[in-house]
Amino acid sequence: MSLSVGLCLTLCAVYFAISPSHALANAPANAPASAHRQAVRSLLTQGLTAQNAGNYTVAEAAYRQAIQLNPESAISYFNLGNVLAEQSRIDEAIAAYRNTLSKDPNNADAFYNLGYWLTVQDDNAAAEAAYWQASRLNPFDANTYYNLGLVLRAQNKLAAANVAFTRALLLSHDTSAL
């Protein structure tokens, strides 16, 4: 029976109560890149588990550790943004979503979340741009169009807001308001 290096690192981490990054740091120099990816996946799993349990400090630490191991991991930045937002650390969350988008410019969810938190900060022009991008990448999301409509209305772009609200209604399959 042969175990992958990634699985070995994870099992060692669990058995010896060490972190995946510690196991990775002490792995042989010839360990494959898959061990590195496995360590990042393990940290993301730890982060999500902690986040779902409401332990945002532990989740944040896991996501930051995953970013240290792989600074190009868009999902690590995205999850970090979500956990920072849950802690009302909005400026940091916005920065994390922007980092996500620098790694994955086609992430509709990151544009959506960025738009939401920019709206909370009353940066409606930037929120509008983020929602337009989110709608371009995911043209069937009613919530994106609804929030875009709100931002457009706040900027007194009423005709465009009406189009966005109509699109949101059509996509939500709730035509009772039409």
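Residues numbered from 1 in each chain as written. Predicted model: local features only at pLDDT ≥ 70, side-chain atom pairs only at ≥ 80, totals over all residues. Heavy atoms only, no water.

Asks: When you look at the pattern of salt bridges in this model, what are you seeing that I'm missing?
Replies: For side chains bearing opposite charge, pairing can occur when the charged atoms are close. Scanning the entire structure with this criterion turns up 6 salt bridges. A salt bridge links Arg 64 to Glu 92; its shortest N-O distance comes to 3.7 Å. With a gap of 28 residues between them, Arg 64 in helix H4 (residues 56–69) and Glu 92 in helix H6 (residues 90–103) connect regions that are remote in the sequence. Judged by its relative accessible area of 35%, Arg 64 falls in the partly exposed class. Ionic pairing is found between Glu 128 and Lys 157, a salt bridge with its closest N-O pair at 2.8 Å. Placement of the pair is Glu 128 in helix H8 (residues 124–137) and Lys 157 in the loop between helix H9 (142–154) and helix H10 (158–172), with a sequence separation of 29 residues. (Salt bridge = Lys/Arg side-chain N within 4 Å of Asp/Glu carboxyl O. Helix = DSSP H or I, 4+ residues; strand = E, 2+ residues; numbered from the N terminus. Buried < 20%, exposed > 50% of the residue type's maximum accessible area, 1.4 Å probe, protein only.)

Asks: Any chance you could explain unusual backbone geometry here in plain terms?
Replies: Keep in mind that most residues, glycine aside, have a negative phi and that most peptide bonds are trans. A positive phi angle, close to 60 degrees, is found at Ser 88, a residue other than glycine. For Ser 88, the location among the structural elements is in the loop between helix H5 (74–86) and H6. Located in the positive-phi region is Asn 156, a residue other than glycine, with phi close to 65 degrees. Tracing the backbone shows Asn 156 in the loop between H9 and H10.

Asks: Can you walk me through the packing of H8 against H9 in this structure?
Replies: Packed helix pairs are specified by the crossing angle of their axes together with the interaxial distance, meaning the distance between the axes. Where H8 contacts H9, the two axes come as close as 9 Å, and the packing angle between them is 155 degrees. The angle between H8 and H9 falls in the class roughly antiparallel. The handedness of the crossing between H8 and H9 comes out as left-handed. Contacts between H8 and H9 involve Asn 124, Ala 127, Glu 128, Tyr 131, Trp 132, Ala 134 and Ser 135 from the first element and Thr 144, Tyr 145, Asn 147, Leu 148, Val 151, Leu 152 and Ala 154 from the second. Looking at the contact of H8 with H9 residue by residue, the classes come out as 9 nonpolar, 4 polar and 1 charged. (Axes fitted to C-alpha atoms, helices over the stretch in contact; angles between N-to-C directions. Parallel < 35°, antiparallel > 145°, perpendicular 65-115°, else oblique. Left-handed = near helix turned anticlockwise from the far one by under 90°. Contact = heavy atoms within 4.5 Å. Nonpolar A, V, L, I, M, F, W, Y, C, P; charged D, E, K, R; others polar.)

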